[in-house]
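The primary structure of each chain is shown beneath.
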Amino acid sequence: MAKADSDFVAACFILALGAFSFRVAALMISPSELAESPGVFPGLMSIILVILGAVLLARSIRRGGGIRLAQAAKSTTTFFSSEDNRSLIPGIVFPAIYVFLAIPSLGFYISSALFMGVMFYLYVQRWRRWVLFPVSIGITVMLYLVFTIFFQVQIW
Amino acid sequence: MDLTQMFLGLSKAFFDLSTPYGIYLISVGVAIGIVGGALPGVSTTMTVALLAVVTFKMDPLWAIILLSSAQVGSTYGGSISATVLNIPGTPASAPTAIEGYQLTKRGEAEVALGINVFSSFIGNNVGIFLLLATMPFFVKLAMMFGPWEMFWFGTFGVFIAANLGEGDTLKGLIAATVGLIMGCVGIDPVDGSQRYSFGYTYMMAGIPLIPAMIGFFGFTEVFSGLVDISVKSVPVKKVSLLGAAKLWWRYRWLSFRCGILGYIIGVAPGMGANVACWVGYDHAKTTGKEPESFGRGSLEGLVGSETSNNACVPGAYAPVLSLGIPGDAPTAIVLGVLMIHGVKPGPMFLFTNPHWLYSITVALFVSGILFVLIGTYAGKGLVRLFASTPKPAMAAIVGVLCSLGAYASNSNINDVFLAFVLGLLGLVMRGLGFPVSPLVLGLILGGDLLDIEFRRALMAGKGSIAPFFTRGISMVMIGCIALVIFLRYAWPHIGRRLKERREAVM
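Residues numbered from 1 in each chain as written. Chains lettered and ligands numbered in written order. Predicted model: local features only at pLDDT ≥ 70, side-chain atom pairs only at ≥ 80, totals over all residues.

Caption draft 1: Broad picture of the overall build of chain B. Across its full length, chain B holds 21 helices and two strands. A compact globule built from 506 residues would reach a C-alpha radius of gyration of about 23 Å, and chain B, at 22 Å, matches this within 12%. By its C-alpha atoms, chain B is 65 × 65 × 55 Å across when sized along the principal axes. With 506 residues in all, chain B has 61% of them scored as buried. (Helix = DSSP H or I, 4+ residues; strand = E, 2+ residues; numbered from the N terminus. Rg over C-alpha atoms; globule rule 2.2 N^0.38 Å. Buried ≥ 20, exposed ≤ 12 C-beta atoms within 10 Å, placed from the backbone.)

Caption draft 2: Local environment of the overall build of chain A. Secondary structure summary: chain A contains seven helices and zero strands in total. Traced from its N-terminal end to its C-terminal end, chain A shows the element sequence α-α-α-α-α-α-α. Buried residues in chain A amount to 30% of all 156 residues. Taking all contacts inside chain A whose residues are at least 6 apart in sequence as the whole, residues at least 24 apart take part in 57%. (Contact = placed C-beta atoms within 7 Å.)

Caption draft 3: Expanded view of the nonpolar core. Residues and elements named next belong to chain B. Ala49, Leu67, Met213 and Ile214 are the most contacted members of the largest nonpolar core, which totals 203 residues. Per element, the largest residue contribution to this core is 16 residues, and it comes from helix α6 (residues 109-144). With residues up to four places along the chain from it excluded, the contact list for Leu67 reads Gly29, Val48, Leu51, Ala52, Thr55, Val334 and Val337. (Core = buried A, V, L, I, M, F, W, Y, C linked by C-beta atoms within 7 Å.)

Caption draft 4: Examining the domain arrangement of chain B more closely. All names here are of chain B. On domain assignment, one finds that chain B holds domain 1 (3-468) and domain 2 (471-506). Distance between the C-alpha centres of domain 1 and domain 2: 29 Å. Elements supplying a minimum of two residues to the side of domain 1 that touches domain 2: α7 (147-164) and α20 (467-470). Split by residue class, the side of domain 1 that touches domain 2 holds 10 nonpolar, two polar and one charged. (Domains from an automatic or database assignment. Nonpolar A, V, L, I, M, F, W, Y, C, P; charged D, E, K, R; others polar.)

Caption draft 5: Broad picture of the environment of Leu422(B). Residues and elements named next belong to chain B. Inspection of the secondary structure assignment puts Leu422 in helix α18 (residues 413-432). Of the residues examined, Leu422 has 28 C-beta atoms within 10 Å and is grouped as buried. Distance from Leu422 to Val126, taken between C-alpha atoms, is 37 Å for residues 296 residues apart in sequence. Leaving out residues up to four positions away in the same chain, Leu422 has contacts with Ala212, Gly215 and Phe216.

Caption draft 6: Expanded view of the packing of α6(B) against helix α11 (residues 252-267) of chain B. All names here are of chain B. Interhelical geometry of α6 versus α11 gives an angle of 55 degrees and a closest axis separation of 9 Å. With respect to α11, the axis of α6 lies oblique. In this structure, α6 meets α11 at a crossing whose hand is right-handed. For the pair formed by α6 and α11, the contact residues are Ser119, Ile122, Gly123, Val126, Gly127 and Leu130 on the first element and Ser255, Phe256, Gly259, Ile260, Gly262, Tyr263 and Gly266 on the second. A class-by-class count of the residues in the contact of α6 with α11 yields six nonpolar, seven polar and no charged. (Axes fitted to C-alpha atoms, helices over the stretch in contact; angles between N-to-C directions. Parallel < 35°, antiparallel > 145°, perpendicular 65-115°, else oblique. Left-handed = near helix turned anticlockwise from the far one by under 90°.)

Caption draft 7: Quick peek at helix α13 (residues 299-323) of chain B. Residue and element names in this part refer to chain B. For α13, spanning 25 residues, the distance from its first C-alpha to its last is 37 Å, which sits close to the expected 36 Å at 1.5 Å a residue. When the local axis directions of α13 are compared, the greatest deviation, roughly 30 degrees, occurs at Val313, which is followed within four positions by the proline Pro314. Counting buried positions along α13 yields 25 of 25 residues, so the element is predominantly enclosed. Looking one or two places after α13, you find Gly324, whose phi comes out positive at around 75 degrees. (Expected span 1.5 Å × (residues − 1). Bend = angle between axes of the 7 residues up to and from the residue.)

Caption draft 8: Expanded view of helix α2 (residues 40-62) of chain A. Taking 1.5 Å of rise per residue, 23 residues should cover 33 Å, and α2(A) covers 33 Å from first to last C-alpha, within 8% of that figure. Listed as buried for α2(A) are Val40(A), Phe41(A), Pro42(A), Gly43(A), Met45(A), Ser46(A), Leu49(A), Leu52(A), Gly53(A), Leu56(A) and Ser60(A). Elements in contact with the buried residues of α2(A): α1 (3-26) of chain A together with α8 (169-182), β2 (194-195) and α19 (437-460) of chain B. Note on α2(A): the residue one or two positions beyond its end, Gly64(A), has a positive phi of about 90 degrees.

Below is the structure:
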């Protein structure tokens, strides 16, 4: 996606965010007690956000930006299939599985050892295979000793 | 705060920190800081944020001593990988990479590393001296600050972060404004009502700072991939401290000037070592005796960059201790930790707790000595270790540390989820050209400072906004913001026109 197009989309989002934020803040403003109203500061910031969003929108339009769905679809496909960005997918998906599924089910230390072991196994070619899981377990044990035993940080 | 008081305070602090626990804590802080700083992709801010989670059970002063030592170590540590691998360990070592790596290619890595360690040491000490010398002035100034001035000072900090940080200024201001709104989530500090929580219990306490910073500075790096390191060999010749000192002596006046510049930048909120290094480098280039050597391994460039970025660290503690406003992102984390401990620095703080200034100063000084020792003898070994660890392995380990860090701050699994989501947001922002630092500074200053001071000012002025623009110090603050706008936008055009006129005349 061209920079002007991405700025256009970002500006639309920012305008919507600013407008929504102002709507919520306005409900918390009491004109008779303006200084004490909880919505005064966020309301003011929301107005500033809308103004800045409008400036970004105007700038992107001046540079030829707009919503071009066909080009956006094409650039999304190119983005995910390019060599540089392919590593983004496992770089986000595997940590997501680790954070949202593994940690709540297995606890920190077991899920961390598994996560590191899987990442090493899939992506580290330089090390011998038999060393990968012992290394991940070793690092996890070290973290346990440092955080839970030594610094007494409660981690399950 | 007179000289006798200061001397007695420093002596007491020195004896208090000379205990085995004190020396141990500072050593651990410096060592972790150097490792974090030398590791490409792990910034000083991230190192301090990750270390912050182990400080919650500590006495608040010891916590700050640990974190400040890590900050000093990390700021220096970035120069190691910058010099040997041409990869700045932290953004504050970017100019060091330009010059240091050229020296490494010529087989003079030990010269560069020696100059780096000595310049960093001098910068740290210049900053410490200026911190002690200027603190009475800051305390007096802080006493003159009313809510209007606190509001403008915080606004100045956020504005500077948006303007001088990486990327587009407009996007920086947008990011800062979003951060300020995010800072308002949770319980209103003035009247106790809920804001922007939409009924979610987790959001009622606001967005927690440590997980947010771990998300923006930690997970974002994990997702976008830590910098890959590929190096065949690392120079092994030992650095001679005496030789480094003799080399530095040739550039001592440049070093002192850059130290002063670095300190001033540290004091101004929102800038930090990432800006200081370039200011010092630029000053060295402008005033140096060997301008033709810049870009080809200039020792003056190294001196300028490293002295300046390390002098910035003590400088960043001046506004924190006197006004409760962070000088840079790592001290913003320090401030967050203090708030978690129930300590609120501000104008009256140093009157009732002068030992904090002396203890932090002594800790910074001892940290400087330790990083010279650790960096000189362990620096190149660290680089070998990083070079042999593949990028996905490093990303996995850092991802685990981020999750651990986010959880440990409140023992709440939702903090880990939040850190992850904010990391994704940081990645998207980076892809769209929006800088993250202004958003984080806005998040820190929004709810706890700017909002409160703005409304306090309105209440004190009985609803009038006139005092925001008519009080003396407020006008100075507004003048500083206007000066930044002028220098950023108008001056380049004026400068170009003057140059064209001069050339036309010639």
